[in-house]
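One letter stands for each residue in the lines below.
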Amino acid sequence: MCLAVPGQVLAIAGDDPLTRSARVAFGGIVKQVALAFAPEARVGDYVLVHAGVAIAVLDPAEAARTLACLDTLEEDAE
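Everything numeric here is computed off the predicted structure, so don't read it as measured data. (Residues numbered from 1 in each chain as written. Predicted model: local features only at pLDDT ≥ 70, side-chain atom pairs only at ≥ 80, totals over all residues. Heavy atoms only, no water.)

**Student:** What am I meant to see in the side chain of S21 here?
**Tutor:** On the secondary structure map, S21 appears in strand β2 (residues 21-26). A distance of 2.8 Å separates polar atoms of two side chains, one belonging to S21 and the other to Q32. S21 has contacts with A11, I12, A13, Q32, V33, A34 and L35, leaving out every residue within four places of it along the chain. (Helix = DSSP H or I, 4+ residues; strand = E, 2+ residues; numbered from the N terminus. Polar contact = N/O pair within 3.5 Å; in protein donor to acceptor, adjacent residues only side chain to side chain. Contact = heavy atoms within 4.5 Å.)

**Student:** Before we go on, may I ask you to explain the pairing of strand β1 (residues 5-13) in this structure?
**Tutor:** Walk down a regular strand and you will see the side chains alternate between the two sheet faces. Here β1 pairs with strand β4 (residues 46-50) via four bridges, running antiparallel. Bridge assignment links V5 to a residue of β4, and that residue is V49. Across five bridges, the pairing between β1 and β2 is antiparallel. In the strand pairing of β2, A11 is matched with R23. (Pairing = 2+ DSSP bridges.)

**Student:** In this structure, what is going on with the pairing of β2? I would like to understand it.
**Tutor:** Sheet topology note: the β2/strand β3 (residues 29-34) ladder contains six bridges and is antiparallel. What sits directly across from S21, in β3, is A34. Where β2 folds back on β3, the antiparallel hairpin that results is connected by two residues, among which G27 adopts a positive phi of roughly 55°.

**Student:** Whenever I open this one, the nonpolar core confuses me. Can you help?
**Tutor:** One recurring pattern in soluble globular proteins: nonpolar side chains tend to sit buried together. Formed by V9, A22, V24, F26, V33, L35, A38, A41, V47, V49 and A54, the largest nonpolar core amounts to eleven residues. Elements with a contribution of two residues or more to this core: β2 and β4. When residues in this core are grouped by element, the largest group, three residues, is from β2. Once you skip the residues sitting within four places of it in the chain, F26 turns out to touch V5, P6, G7, K31, V33 and V49. (Core = buried A, V, L, I, M, F, W, Y, C linked by side-chain atoms within 4.5 Å. Buried < 20%, exposed > 50% of the residue type's maximum accessible area, 1.4 Å probe, protein only.)

Written as structure tokens, this is what we have:
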């Protein structure tokens, strides 16, 4: 099973659509993410990330719902 996680774009580097990347925040952890599959992503957007690649730009409300579900799973695991 694969899992994609929403994160918020903090900064974007590069102009080439194939090599553009972003610093993306995931609840206090910041990772470098490739934007080749989500070229429309902008600073402040939420992106859905799988294996270091942004695969979609999310509506902020959808990102919040997904993050709330993930928080619930974490609480249940404790």
